[in-house]
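Structure assessment
These are the residues of each chain, in order.
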Amino acid sequence: GDSGSLTYYGSFFDTTTQTNPVGNVVRKMVYNTTDISNGVSISSGSRIVITNPGVYNIQFSAQIQDTKSAGLRLVSIWFRKNGEDIPFSNTNVTVDNQDSYLVASWNYMLALNAGDYIELVMWAVGGDVQALTEIPTPGAGGNGNVGVPSIIATVTQIK
């Protein structure tokens with residue numbers, strides 16, 4: 001493509017609830033749906049693979065839900081590059097009260113080479129946390145018609 005235009009991108013989401021039933025275990029976030037893409041793809045469920053070198057902005061949002069009634073849940077989400085944790089890419093959020101929701105959403109900018117892959121991972125103290133999907137119910141009215149993916153990730157080449 002033309003080096004002066006932004007040509008590589010991808011938008012991915014997952015339509016399943018991603019559970020984290022055991023505390024202190026890292027869970028890779030996965031995607032089962034490609035919305036649109038050009039030069040960015042999903043491999044092995046969790047890997048966001050870059051075909052062309054450049055600087056990329058990677059954004060995500062995850063609908064986090066507390067599934068247990070008592071206690072505060074600490075949830076950490078961070079980025080990995082080629083299977084290695086990226087230092088200082090983590091953010092902590094907390095959920096409290098059964099069935100409460102929180103949207104974790106941030107972005108990270110990386111210089112990537114052809115063949116590099118990025119993963120998002122989630123870790124929760126004590127488990128009892130999930131990334132929840134809500135399936136659309138046509139005719140339900142309100143937000144019931146739309147549905148909510150458990151995670152959305154978008155990747156945009158910026159240079």
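Counting of residues starts from 1 at the beginning of each chain's written sequence and follows it residue by residue. Only residues with pLDDT of 70 or above have their local features reported here, since the model is predicted, and side-chain atom pairs are shown and tallied only from 80 upward, although totals for entire chains, interfaces and linings are computed over all residues. The side-chain numbers reported here are obtained from all heavy atoms of the structure, hydrogens and water having been left aside.

1. Points about the pattern of salt bridges
Just to be clear on terms, a salt bridge is a Lys or Arg side-chain nitrogen sitting within 4 Å of an Asp or Glu carboxyl oxygen. If you walk through the whole model with that rule in mind, you get four salt bridges. Taking the shortest distance from any N to any O, the salt bridge between lysine 28 and glutamate 119 comes out at 3.5 Å. One end of the pair, lysine 28, is in strand S3 (residues 27-28); the other, glutamate 119, is in strand S12 (residues 117-124), and 91 residues separate them in sequence. Under the scheme applied here, a residue whose accessible area is under 20% of the maximum for its type counts as buried, over 50% as exposed, and between as partly exposed, the area being computed with a 1.4 Å probe on protein chains only. For glutamate 119, a relative accessible area of 1% corresponds to the buried category. Note that aspartate 116 is salt-bridged to lysine 81, the shortest N-O span being 4.0 Å. Of this pair, aspartate 116 sits in the loop between strand S11 (101-112) and S12 while lysine 81 is found in strand S8 (residues 72-81), placing the two residues 35 residues apart along the sequence. Overall, aspartate 116 belongs to the buried group, its relative accessible area being 8%. Helix and strand assignments follow DSSP, with helices taken as H or I runs no shorter than four residues and strands as E runs no shorter than two, numbered in order from the N terminus.

2. Considerations on the pairing of strand S7 (residues 54-66)
Burial within S7 is extensive, with 10 of its 13 residues counted as buried. Pairing between strands requires that DSSP locate at least two bridges from one strand to the other. Sheet topology note: the S7/S11 ladder contains 12 bridges and is antiparallel. Its bridge partner being in S11, valine 55 is matched across the sheet by alanine 111. Relative to strand S14 (residues 151-157), S7 runs antiparallel, the two being bridged by seven bridges. Paired with serine 61 across the two strands is isoleucine 152, which belongs to S14. Two elements, S7 and strand S13 (residues 129-131), share three bridges in a ladder whose sense is antiparallel. Residue aspartate 66 lies in a different strand from S13, and its bridge partner there is valine 129.

3. Some points on the packing of aromatic side chains
Remark: the centre distance and the inter-plane angle together describe each pair of aromatic rings, the angle taken between the planes. Centres within 6.5 Å are what make two rings of Phe, Tyr or Trp a pair, Trp counting through its six-membered ring; a difference in plane orientation under 30 degrees is then read as stacked, over 60 as edge-to-face, and the rest as tilted. In the structure shown here, the tally under the stated rule is three aromatic pairs. The interplanar angle of 80° and the centroid separation of 4.9 Å between the aromatic rings of phenylalanine 60 and tryptophan 106 together place this pair among those described as edge-to-face. Taken together, the residues span a long stretch of sequence, with phenylalanine 60 in strand S7 and tryptophan 106 in strand S11 at a distance of 46 residues. Side by side, phenylalanine 60 and tryptophan 106 carry an identical accessibility label, which is buried. Three or more aromatic residues link up through ring pairs in this structure, and these residues are Phe60, Phe79, Trp106 and Tyr108. Charge-over-ring contacts are defined here by two conditions on Lys NZ or Arg CZ: a distance within 6 Å of the ring centre and an angle within 35 degrees of the ring normal. Directly above the ring of tyrosine 117 sits arginine 47, whose terminal nitrogen or CZ lies 4.1 Å from the centroid.

The values are spatial; any link to function lies outside them.
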